[in-house]
Amino acid sequence: MQVATLRHPTDFDGWRAAARAFRQAGVRPESAAFRIGGEPVGLFDEAAPAGRNDDAFTTPGAFIALAREVILHRAADRFDLLYRLVWRLRQEPDLMRIVTDPDVADALERAKNVSRASHKMKAFVRFRRVEDTDGEAWVAWFEPAHFVVEKTAPFFVRRFTTLRWSILTPDGSGYWDGEALTFGPAATRDMAPAEDEIEDFWKTYYAATFNPARLKTRTMQGEMPRRYWKNLPEAQLIPDLIARSGARTEVMVARPATAPNARLAKTLSRMNRDQPFGDGFAPANLAELGHAVQACRRCPIGCDATQGVCGEGPRDARLMIVGEQPGDQEDLTGRPFIGPAGELLDAALAEAGIVRGDAYVTNAVKHFKHTPRGKRRLHQTPVTSEISACRWWLDAERRLIQPKVILALGATAALSVLGRRVAVSEARGRAITLPDGAKVVVTVHPAYLLRIPDRTGRAAERERFLDDLRRTGQQL
Ligand code: URA
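Residues numbered from 1 in each chain as written. Predicted model: local features only at pLDDT ≥ 70, side-chain atom pairs only at ≥ 80, totals over all residues. Heavy atoms only, no water.

Peer 1: For the sheet that holds strand β14 (residues 431-433), give the residues involved together with the corresponding values.
Peer 2: Pairing is mixed across the open sheet formed by five strands, whose spatial order is β10-β9-β13-β15-β14. Whereas interior strands pair on both sides, the edge strands pair on one side only; in this sheet they are β10 (360-363) and β14. Taken pair by pair, the neighbouring strands of this sheet meet at an average axis angle of 25°, ignoring direction. In this sheet, strand β15 (residues 439-443) lies alongside strand β13 (residues 405-409) in parallel orientation, the contact comprising five bridges. (Pairing = 2+ DSSP bridges. Helix = DSSP H or I, 4+ residues; strand = E, 2+ residues; numbered from the N terminus. Axes fitted to C-alpha atoms, helices over the stretch in contact; angles between N-to-C directions.)

The structure is reproduced here in structure tokens:
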């Protein structure tokens, strides 16, 4: 067995270099292994081969994006699974599209588990107040299901920007001092404060919002899995609340009916009319929006897509970039602009001096509209009714982000952002001011550049595209 040593459990770059070296040396997956520095070396293990830079072998962007998530999974065989996929991709370049393939399905499932662990961390981290020499600080102890501390910490930076906080976990810890986010070594539970006065707040809040008549124990445990209970102050109440729910429901049923709240009913009916998703629902944050879009069936596209793909980027981004709809790779991974059009966009943004990570990148339509052709799924342009139905989600994203500048890539994005059809050739070259003061720059979609057959024409169009991006940068 040839064994590569990684620096730490989420050493993606180390794994990638080792996988490349194994692949170049023709080491089959059964003969390749990965260990984390410090783990014991087997008696018959050999060191992994050194990598070379002369091999043109590349892996698709969708695989790399998926691998970055899978490596955060706690199962020890994640490195082997990913290397098996690398090995197979050379002979089966379309492998990542075959979602029924056991290895691909396994990787997608693990990425889903990681994403779920990250969501649970956002929901279940409970900070406790401490005083140190610099004054007030907040410390939380959390035990994530997977290695999601670094992935999820930026969420807490956005949410608690003005506080000083630490999140301690058995895998590593995140620190925010109000200016910089840093990561440190693993911690133990006794390093975090055991309780504080906020504890009672959580308990009172939870007990007050607990509705015994709606108790579905299994659903509740799905939403708030038991593994997180021990670190949630309010979870101490759960056994007692469940035990008393039968008696409390009887009291509620026996109580005489009260008159409906007329004002509330009026507001709700207005919201239902204004908001096509119904139920007066308005997502309070991006995480809620990302969850809710999965249930959207306002138009038929959602029925055939793997998942809804919402935007990604900082909550306080000054720039919002809007594309048309997720493509094949975006549909599989759940992230916008990571396929070929995304690669072109990334390179052009960098050339125009715009950092993609500072922008909120999203699409006018949240599901992948496509038609099957053999094993491939061919992109189909969404029609006006579908763009209008999905506009509700883009508007919700705009409300939450409140960008100063919006870059609309192509006619679909321009229609959704401006609320009217415009010819890209006429609208580009200037900034359009929206009623809320935001500036919109319209340009072509990067996929259009990819489709231009001749090199000279493509280079000229790319220059015009870069001019539009620079104009966008100037608006910022
Ligand atoms: N094209 C888009 O418009 N959006 C994506 O996310 C990917 C390709």
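Let's pick the thread back up.
Peer 1: Break down the nonpolar core for me, with residues and values.
Peer 2: Grouped together as the largest cluster of nonpolar side chains are 52 residues, with contacts concentrated most on W15, F34, F63 and Y83. Counting residues per element, this core draws most heavily on helix α3 (residues 78-91), which supplies eight residues. Residue contacts for W15: discarding those within four places in its chain leaves L6, F34, F63, I71, F79, L82, Y83 and V86. Of all hydrophobic cores here, the second largest spans 44 residues; its members include I321, V361, V405 and A413. (Core = buried A, V, L, I, M, F, W, Y, C linked by side-chain atoms within 4.5 Å. Buried < 20%, exposed > 50% of the residue type's maximum accessible area, 1.4 Å probe, protein only. Contact = heavy atoms within 4.5 Å.)

Peer 1: Before we move on, could you go through the site of the ligand and cite the residues and values that matter?
Peer 2: Near the ligand, the surroundings consist of G323, E324, Q325, P326, G327, E330, P336, F337, N363 and H445. Within the backbone of F337, one N or O atom sits 2.8 Å away from an oxygen atom of the ligand. In the complex, the protein chains occlude 92% of the 240 Å² of accessible area that the ligand would expose alone. Among the cavities detected, the one that contains the ligand is the second largest pocket. For the shell around the ligand, the residue count by class is three nonpolar, five polar and two charged. (Near = heavy atom within 4 Å. Polar contact = N/O pair within 3.5 Å; in protein donor to acceptor, adjacent residues only side chain to side chain. Areas by Shrake-Rupley, 256 points an atom, 1.4 Å probe, with all protein chains shown as cover. 1 Å grid on protein atoms, 1.4 Å probe; cavity = no way out; pocket = protein on both sides within 12 Å on 5 of 7 lines; lining within 4 Å. Sits in = over half its atoms within 2 Å of the grid points. Nonpolar A, V, L, I, M, F, W, Y, C, P; charged D, E, K, R; others polar.)

Peer 1: Residue-level account of the packing of aromatic side chains, with values.
Peer 2: Per the counting criterion, the structure on display carries 15 aromatic pairs. With a centroid separation of 6.2 Å and an interplanar angle of 70°, the aromatic rings of F156 and W165 are classed as edge-to-face. Both residues of the pair, F156 and W165, belong to the buried class. An aromatic cluster is defined as three or more aromatic residues linked by ring pairs; in this entry it consists of F22, F34, F79, Y83 and W87. Here the guanidinium or amino end of R23 rests over the ring plane of W87, the centre of that ring lying 4.1 Å away. (Phe/Tyr/Trp six-rings, centres within 6.5 Å; stacked < 30°, edge-to-face > 60°. Lys NZ or Arg CZ within 6 Å of the ring centre and 35° of its normal.)

Peer 1: Account for the packing of helix α13 (residues 340-351) against helix α18 (residues 455-475), with residues named and values stated.
Peer 2: Remark: α13 packs on α18, axes separated minimally by 9 Å, with the N-to-C direction vectors making an angle of 60°. The angle between α13 and α18 falls in the class oblique. You can see that α13 and α18 cross each other, and the crossing is right-handed. Residues L344, L345, A347, A348, L349 and E351 of α13 pack against R462, F465, L466 and L469 of α18. Of the residues in the contact of α13 with α18, the class split is eight nonpolar, no polar and two charged. (Parallel < 35°, antiparallel > 145°, perpendicular 65-115°, else oblique. Left-handed = near helix turned anticlockwise from the far one by under 90°.)

Peer 1: Which residues make up helix α14 (residues 384-401), and what are the values?
Peer 2: Between the first and last C-alpha of α14 there are 25 Å, a value that for 18 residues agrees with the 26 Å anticipated at 1.5 Å per step. At C390, α14 is deflected by roughly 35°, the largest bend along its length. Those residues of α14 that fall on the buried side of the exposure criterion are E386, I387, A389, C390, W392, W393, L394, A396, E397, R398, L400 and I401. Looking one or two residues past α14, Q402 carries a phi angle of roughly 50°, positive in sign. (Expected span 1.5 Å × (residues − 1). Bend = angle between axes of the 7 residues up to and from the residue.)

Peer 1: Go over the pattern of salt bridges, please, and point to the residues and values.
Peer 2: Under the defined criterion, the tally for this structure stands at 29 salt bridges. Note that R7 and D11 form a salt bridge whose closest N and O atoms lie 3.1 Å from each other. For R398, the salt bridge identified is with D436, shortest N-O distance 3.9 Å. One end of the pair, R398, is in helix α14; the other, D436, is in the loop between β14 and β15, with 38 residues separating them in the sequence. (Salt bridge = Lys/Arg side-chain N within 4 Å of Asp/Glu carboxyl O.)

Peer 1: So, the packing of α14 against helix α15 (residues 411-418): which residues are in play, and what are the values?
Peer 2: Orientation of α14 relative to α15, taken along the N-to-C sense of each, is 60°, at an axis distance of 9 Å. Regarding the angle of α14 to α15, the classification is oblique. Crossing angle aside, the handedness with which α14 passes α15 is right-handed. Taking contact as the criterion, the partners of T384, I387, R391, L394 and R398 in α14 are, on α15, T412, L415, S416, V417 and L418.

Peer 1: Please provide a residue-by-residue account of α13, values included.
Peer 2: Along its twelve residues, α13 runs 17 Å from first to last C-alpha, staying within 8% of the 16 Å computed at 1.5 Å per residue. Of all the positions in α13, only A341, G342, L344, L345, A348 and L349 are classed as buried. Buried residues of α13, seen end-on, are gathered within an arc of 160° and therefore sit on one face of the element. Of the residues in α13, the exposed ones pointing more than 90 degrees away from the buried face are P340 and A350. Buried-residue contacts for α13 involve β9 (319-323), β13, α17 (446-451) and α18. Phi turns positive, to about 80°, at G353, one or two residues after α13. (Arc of directions from axis to C-beta.)

Peer 1: Residues and numbers for the layout of surface pockets, please.
Peer 2: The calculated volume of the second largest pocket comes to roughly 870 Å³. Together, 35 residues line the second largest pocket, and A341, H379, H445, A447 and R451 are the ones closest to its centre. The residue makeup of the lining of the second largest pocket, split by class, is 13 nonpolar, twelve polar and ten charged. (Points joined across faces, edges and corners; volume = space filled by probe spheres on them.)

Peer 1: Which residues make up the pairing of β10, and what values do they have?
Peer 2: In the case of a regular strand, side chains alternate between the two sheet surfaces. Of the two faces of β10, the one carrying Y360 and T362 and the one carrying V361 and N363 are both buried. Pairing of β9 with β10 involves four bridges; the strand directions are parallel. By the bridge assignment, I321 is partnered in β10 with V361.

Peer 1: Any chance you could break down the pairing of strand β1 (residues 2-6) for me, citing the residues and the numbers?
Peer 2: In this structure, β1 lies alongside strand β2 (residues 32-36), joined through five bridges in parallel fashion. Each residue of the ladder has a partner; that of T5, found in β2, is R35. In this region the chain leaves β1, passes through helix α1 (residues 12-24) and returns to the parallel neighbour β2; the handedness of that crossover is right-handed. (Right-handed = clockwise from strand over helix to strand, strands pointing away.)

Remember, this is a structural readout, not a statement about activity or role.
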